[in-house]
Amino acid sequence: MMMCDGKHSKGIPLCGAAGRVCREHIQFEPMMIKHFYLLPPGVCNLLNPAAIYANNEISLGDVEIYGFDYDYTLAQYSNLLHSMIFNTARDILIEQFKYPEGLGKYDYIPGFAIRGLHYDVQKSLLMKIDAFHYVQLGTAYRGLKPVPDEEVIELYGGTQHIPLYQMSDFYGKGPSLKQFMDIFSLPEMTLLSSVIDYFITHGIEFDQVHLYKDISDAIKDVHVKGVMYKWIEKDMEKYILHGDEIYAVLNRLVNHNKKLFLITNSPFSFVDKGMKHMVGKNWRDLFDMVIVQADKPNFFTDRRKPFRKLDDKGSLQWDKISQLEKGKIYKEGNLFDFLRLTGWRGSKVLYFGDHLYSDLADLMLRHGWRTGAIVPELETEIRIINTEQYMHSLTWQQALTGLLERMQMYQDAESKQVLLEWMKERQEIRSLTKNLFNPQFGSIFRTFHNPTYFSRRLVRFSDIYMASISCLLNYDVNFTFYPRRTPLQHEAPLWMDQLCTGCMKTPFLEEMVHIR
């Protein structure tokens, strides 16, 4: 075996004499790169959690009308609510659906699940899927325990890929897969996993379809029967966050002659109490229109339900609606009548909501409104991205990827062993990076490197996205948001390799020409 001559190609541990990956220098030079070359000073804390991020160019100066959802858009709720939803739905299963009393020992697990996960009803699998319909290995759970990667691949016919017809329809509900897209689904996913864990642990057979439906119905009862509304109304200081900022946002828009409207699925009495708490008793003076119990997303697609007027006490009126009056409260209705009666069409309307399907998808794709997604998780994720640990992990991962890409043409035994070690280290770093966000499922925005299915929908259905409505206070009312020109893959050598991997650039053409 030829000895190393110490001549390395462009900072890469490749011996000129041996024509192979240099094992003698493999520990030295990558570590130098890892600690000294790859992470420029001051690179952390580059992202602002209170910023607004643009998927599409939009000028607020062109927006004349602002629309809002209520729950998790205007009203942000404390995570304490999740435990109460979980406990109440669990008790409904035991008391009304006659599920085993042993389920009462299960409590809500904060941070177990994340938004955007898919659940395969027939296989009882909760998992994260990327934008290309591939399951991220290591993120598939049956009950509260991870399913081995080999079993996941076997379950889907020898692949990680989920066929399109199984994935979901326009609203995230496929023939056998359900996507959990709203924040209220966090306790539902945890309850689903807990019940399955109990049945598996105790060797109890169960019907997957019935179990999923029972849990969905129990969770729905907490909302539909008004249990959750009563908790919030009883202690708004405890459950509603950032109320004073909401008043500042709405008042500022009105002072700049913007029209405001509210479309929510929640009942009037609940919205009225919450808005009085956040904005004040005269909150309705700020809005040109308020629509409650709208039944979104059907409100955006179904023409059959007419509007009904409510009086100041929330009682139904019987008169036919021929116009929508400022300061009045309306129930149900549909978007087609809304457009006809208001004339509010196209890009002069900007609507904010937290549910990508129920709030935003139809408005952007079918009606041409501009849309803003409220993603509360964004604040926590950006704070993690800004940590030195994350930046070091990501940068070294990029460097290893560059090394693997460049050195894969060397096929001697020693080079192959080095490449295997790099691949192992890369996988370890990817897992470490995932765990920074969530030990079970990682980030809601990314799998190991691809965008998640949630991210794909976020980009498709929202012009802008932010952690909360209060982020609007950081921008002028005529501000124009410009999306960053992120690279396509054929543009990547001009961008990320130079920024993230220093000397670890895409393979030089002259060194790759022989493998073409």
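Above this note sits the structure.
The rules behind the values
- Residues numbered from 1 in each chain as written.
- Predicted model: local features only at pLDDT ≥ 70, side-chain atom pairs only at ≥ 80, totals over all residues.
- Heavy atoms only, no water.
- Phe/Tyr/Trp six-rings, centres within 6.5 Å; stacked < 30°, edge-to-face > 60°.
- Helix = DSSP H or I, 4+ residues; strand = E, 2+ residues; numbered from the N terminus.
- Buried < 20%, exposed > 50% of the residue type's maximum accessible area, 1.4 Å probe, protein only.
- Lys NZ or Arg CZ within 6 Å of the ring centre and 35° of its normal.
- Core = buried A, V, L, I, M, F, W, Y, C linked by side-chain atoms within 4.5 Å.
- Contact = heavy atoms within 4.5 Å.
- Pairing = 2+ DSSP bridges.

Asker: Mind laying out the packing of aromatic side chains, listing which residues take part and the relevant values?
Answerer: Across all of its chains, the model carries 34 aromatic pairs by this definition. Relative to F352, the ring of Y66 has its centre 6.3 Å away and its plane inclined at 10°; by these criteria the two rings are stacked. Within this pair, whereas Y66 is found in strand 5 (residues 65–68), its partner F352 is found in strand 17 (residues 349–353), the two being separated by 286 residues in sequence. In this pair, the class of Y66 matches that of F352, namely buried. Between Y119 and Y212, the ring centres sit 5.8 Å apart and the planes meet at 25°, which makes this aromatic pair stacked. Taken together, the positions of Y119 in strand 7 (residues 118–120) and Y212 in helix 6 (residues 208–224) put the pair 93 residues apart, joining distant regions of the chain. Judged by its relative accessible area of 17%, Y212 falls in the buried class. Three or more aromatic residues joined by ring pairs form one cluster here, namely Y99, Y106, Y198, F199 and F206. Above the plane of the ring of F336 lies R303, whose end atom (NZ or CZ) is 3.9 Å from the centre.

Asker: Go over the nonpolar core with me, naming the residues and quoting the values.
Answerer: Residues F68, Y70, F287 and F338 are the most contacted members of the largest nonpolar core, which totals 134 residues. With 8 residues, helix 5 (residues 185–201) is the largest single contributor of residues to this core. Filtering out sequence-adjacent residues up to four positions away, F68 remains in contact with L74, L250, L253, L260, F261, L262, I263, F287, Y351, F352 and I469. By size, the runner-up hydrophobic cluster in this structure holds 12 residues, among which are W396, M409, L419 and I429.

Asker: An account of the sheet that holds strand 14 (residues 289–292) is needed here, citing residue identities and associated values.
Answerer: Read across the sheet, 9 strands follow the order 3-19-18-17-5-13-14-16-15 without closing on themselves; strand pairing throughout is mixed. Since the sheet does not close on itself, it has two edges, and those belong to strand 3 (53–54) and strand 15 (307–310), each with one partner. For strand 3 and strand 19 (residues 464–466), the ladder comprises 2 bridges, and the chain directions are antiparallel. Residue pairing in the sheet places A54 in a bridge with I464 of strand 19.

By themselves, these figures tell us nothing about what the structure is for.
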